[in-house]
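Coordinates in review
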Amino acid sequence: MGPTNFALVKLFKADMKLREAQGRLDATTKNVRIQDRRVRDLNDRIAALQKQLKEQQSHAGTLDVDLKSRDAHIEKLRTQQQQAKNNKEYQAFLVEISTGKVDRNKVEEEAIKVLEGIEKLQAELKDLQAQQQAEAAKAAAMKEQITGQTAALQAEIDAIKPEREQASQAVPRQAREAFDRLADRFDGEAMSPLIKPDKRREEYSCSACMMDLVRDVYNKLHTRDELVFCPSCRRILYIPEDLPVEAAVHKVKERKERPQKAPPAGTNRQTSAVDVLRSVTPERDDDNEPTDVASAQAREAAAAATASDNQSAASEPSESSAQPQEQASGAEEPAPPQQ
Ligand SMILES: [Zn+2]
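Below is a summary of the structure that appears in this document. (Residues numbered from 1 in each chain as written. Predicted model: local features only at pLDDT ≥ 70, side-chain atom pairs only at ≥ 80, totals over all residues. Heavy atoms only, no water.)

Taking 1.5 Å of rise per residue, the 83 residues of helix α2 (residues 87-169) would be expected to cover 123 Å, yet its terminal C-alpha atoms sit only 106 Å apart, more than 12% below that figure. A bend of about 50° at I146 is the largest found in α2. At the N-terminal end of α2, a side-chain oxygen is found 3.2 Å from the backbone nitrogen of K88, two or three residues along, and the residue is N86. (Helix = DSSP H or I, 4+ residues; strand = E, 2+ residues; numbered from the N terminus. Expected span 1.5 Å × (residues − 1). Bend = angle between axes of the 7 residues up to and from the residue. Polar contact = N/O pair within 3.5 Å; in protein donor to acceptor, adjacent residues only side chain to side chain.)

Between the first and last C-alpha of helix α3 (residues 173-185) there are 18 Å, a value that for 13 residues agrees with the 18 Å anticipated at 1.5 Å per step. Listed in full, the buried residues belonging to α3 are A175, R176, A178, F179, L182 and A183. Each buried residue of α3 sits inside an arc of 160° when the element is viewed along its axis, so together they form one side. Opposite its buried face, α3 presents the exposed residues R173 and D184, each directed more than 90 degrees away. (Buried < 20%, exposed > 50% of the residue type's maximum accessible area, 1.4 Å probe, protein only. Arc of directions from axis to C-beta.)

Attention now goes to the coordination of the zinc ion. Bound to the zinc ion on the protein side are C206 (SG), C209 (SG), C230 (SG) and C233 (SG), at distances that span 2.2 to 2.3 Å. Coordination at the zinc ion is tetrahedral: its 4 donor atoms span angles of 100 to 116° at the metal. Each donor residue of the zinc ion belongs to the same chain, with the gaps between them written as C-x2-C-x20-C-x2-C. With C206 in strand β2 (residues 204-206) and C230 in the loop between α4 (216-223) and β4 (236-238), this residue pair connects regions lying 24 residues apart in the sequence. (Donors = N, O, S within 2.8 Å, 3.2 Å for Na, K, Ca; no water. Tetrahedral: all angles 85-135°; square planar, octahedral: opposite > 155°, others 65-115°.)

Bringing the pattern of salt bridges into the picture now. Applying the stated criterion across every chain yields a total of 19 salt bridges. As a salt-bridge pair, R235 and E189 come within 3.6 Å of each other at their nearest N and O atoms. Taken together, the residues span a long stretch of sequence, with R235 in the loop between α4 and β4 and E189 in the loop between α3 and β1 (191-195) at a distance of 46 residues. Judged by its relative accessible area of 31%, E189 is partly exposed. Residues E226 and K220 are paired through a salt bridge, measuring 3.8 Å at the closest nitrogen-oxygen approach. Neither residue differs from the other here; E226 and K220 are each classed as buried. Three or more residues joined by partner-sharing salt bridges are found here, namely D15, R19, R164, D180 and D187. (Salt bridge = Lys/Arg side-chain N within 4 Å of Asp/Glu carboxyl O.)

Dropping the structure here:
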């Protein structure tokens, strides 16, 4: 791997470290955040209730003024009734007074209902306020309890951030953008180390999605400084420390021991993407690889044919081809998987 690949792996590790610490902080503060939300909900309900209460109290006040004025009017009519000059006038006042009383009683009934409603709201409010106090105290106690933990985690995060930033700056811009995009998409898991499932066979898989990869992938990553994407999950592939070249690549002698269905023409040691492309079909026959590889390679071929596709992830192949290396991106960088 070249400097870009090494810088990417370093960025990948720093990024994962930061995400992991952030994840621990989030987990630690999760219950407090839930508790805070409970307190906020209660505050909202209290505010709504207070508003309602205020409206009802204002309504009750209006009714009270109305009632007092009606009482005063009735009292005035009574006085006038006492001073009536004749029976007819007296009876007229009597009718007016009793009509006034009926109306006044209707207002009083409404006022009583409103006051009852106010009492109910006040009781509800008192209950909510007690709940709010209890929950707020609980939230404060929970925060107090994790203060030390969160401070330590925050310090850890603050310490990792410059490390990640530095690692990021060391990666060339296009590679960095590809990394950031993939890290967003895969929750940080932007890169995937190769694995070699069978020690005796020179075959590699993507450890993230377990897709079998073309054999040339190791050599390509080992000898060049370019971005190689998993054709299936599209993560950036890299060689892990526990897969050094002596453990990874077979000697020619060993390769001859493997059962082969077809003559070994053009099967191994491809040194350019053109060779890779040429060898796609022979290699599949030669290695008698599982059908999922065959379909992956068919997808690769199809992707190469439709490489003009301008979807967002399709920009990755062009980034690779923009690397200083001469060869095309085709074999290992198909169009993005169908979503
Ligand atoms: Zn993969």
